Amino acid sequence: ALVVRSTAAEVLFEAADPAEFDAVVLVDAPEAVRLHRLVTMRGLPREDAERLIAAQLPSDTKRPRSQFVIDNDGDRAQLERRARDVARRDSLTALYNDRYFHKKLQQEIDRLALSGDADLTLLFLDCDHLKAVNDEHGHLAGSQILREVAFVLQRQRATTTSLPCRYGGDEFTILLRGLTTAA
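A quick note: this is a predicted structure, and the numbers were derived from the prediction, not measured.

**Notes on helix α7 (residues 139-157)**
With 19 residues, α7 should cover 27 Å at 1.5 Å per step; its first-to-last C-alpha distance of 27 Å lies within 8% of that length. All of the buried residues in α7 are Gly142, Ser143, Leu146, Ala150 and Leu153. Axial view of α7: buried residues confined to an arc of 100°, hence all on one face.

Structure representation (structure tokens):
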């Protein structure tokens, strides 16, 4: 990350390569809120804070480059809730990501060990030939297919007790609870 040094404080200004991160998140606040935070919370003189804000990219330039945008009007609890949700979600499909999947899977295994119930089903799905689609039609087409698969999995969630997740690449997982088998 590139750090811009000010006489009053260090400020993280811009990531060198957004591809190095799982998601690019923009926490966008009105100028008055940013000014208040810089002056009261970080102790910058008002003039330095105003210069720093003036040097920032305009919001309408940053938003399209961000995978997630959190509008923050100053409510820290809301910001923390939204940031936690962003950290759990896949930026392309909006399904839960693999880190959240592993956490929930362990919780379900622990629940089964304590309760003795055996009502957990785990499905792994792989989208065959997605590389061929990407090669022939481009990555935008492949991304659209992944979004469509996620939409179908999310729609099924409404009729079952399930947790669909994007595991990575073209792989998805589904945790199902309370599924019975026909004899």
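**Regarding the packing of aromatic side chains**
Applying the stated criterion to the full structure yields 4 aromatic pairs. Summarising the aromatic geometry, the rings of Phe101 and Tyr167 are spaced 5.6 Å apart at their centres and angled 85° between planes, so their arrangement reads as edge-to-face. Of this pair, Phe101 sits in helix α5 (residues 98-115) while Tyr167 sits in strand β6 (residues 162-168), and the two are 66 residues apart along the sequence. Given the relative accessible area of 1%, Phe101 is considered buried.

**A look at the nonpolar core**
Counting 9 residues, the largest nonpolar core consists of Leu95, Cys127, Leu130, Leu146, Ala150, Leu153, Phe172, Ile174 and Leu176. Sorting the residues of this core by element identifies α7 and β7 (171-177) as the ones contributing at least two each. Membership of the second largest hydrophobic core comes to 7 residues, among which are Tyr96, Leu105, Leu163 and Cys165.

**Let's talk about the pattern of salt bridges**
For the structure shown, the criterion picks out 8 salt bridges. Of the charged contacts in the structure, one is a salt bridge between Arg166 and Asp90, with a shortest N-O distance of 3.1 Å. Here the residue Arg166 occupies a position in strand β6, and Asp90 occupies one in the loop between α4 (76-88) and α5, the gap between them amounting to 76 residues. Summarising the burial analysis for this pair, Arg166 and Asp90 share the class buried. A salt bridge links Lys131 to Asp135, with the shortest nitrogen-to-oxygen separation between them at 2.8 Å. Of the two residues, Lys131 and Asp135 both sit in helix α6 (residues 130-137), 4 residues apart, roughly one turn of that helix. Judged by relative accessible area, Lys131 falls into the exposed class, the value being 59%.

Calculation notes
In every chain, residue numbers begin from 1 and rise along the written sequence. Confidence filtering applies because this is a predicted model: local features only for residues at pLDDT of at least 70, side-chain atom pairs given and counted only at 80 or more, and all residues used for totals across whole chains, interfaces and linings. Just so you know, side-chain values use all the structure's heavy atoms and leave hydrogens and water out. Every helix listed is a DSSP run of H or I at least four residues long, and every strand listed is a run of E at least two residues long, numbered separately from the N terminus. Helix span, as expected, comes to 1.5 Å for every residue beyond the first. Three exposure classes are used, based on accessible area relative to the maximum for each residue type with a 1.4 Å probe and protein chains only: buried under 20%, partly exposed in between, and exposed over 50%. Directions drawn from the helix axis to the C-beta atoms are what define this arc. Two rings from Phe, Tyr or Trp (for Trp, the six-membered ring) form a pair when their centres are within 6.5 Å of each other. A pair whose planes differ by under 30 degrees is stacked, one over 60 is edge-to-face, and the rest are tilted. Residues enter a nonpolar core if they are buried and are Ala, Val, Leu, Ile, Met, Phe, Trp, Tyr or Cys, with the set joined through side-chain atoms within 4.5 Å. What counts as a salt bridge is simple: a side-chain nitrogen of Lys or Arg found within 4 Å of a carboxyl oxygen of Asp or Glu.

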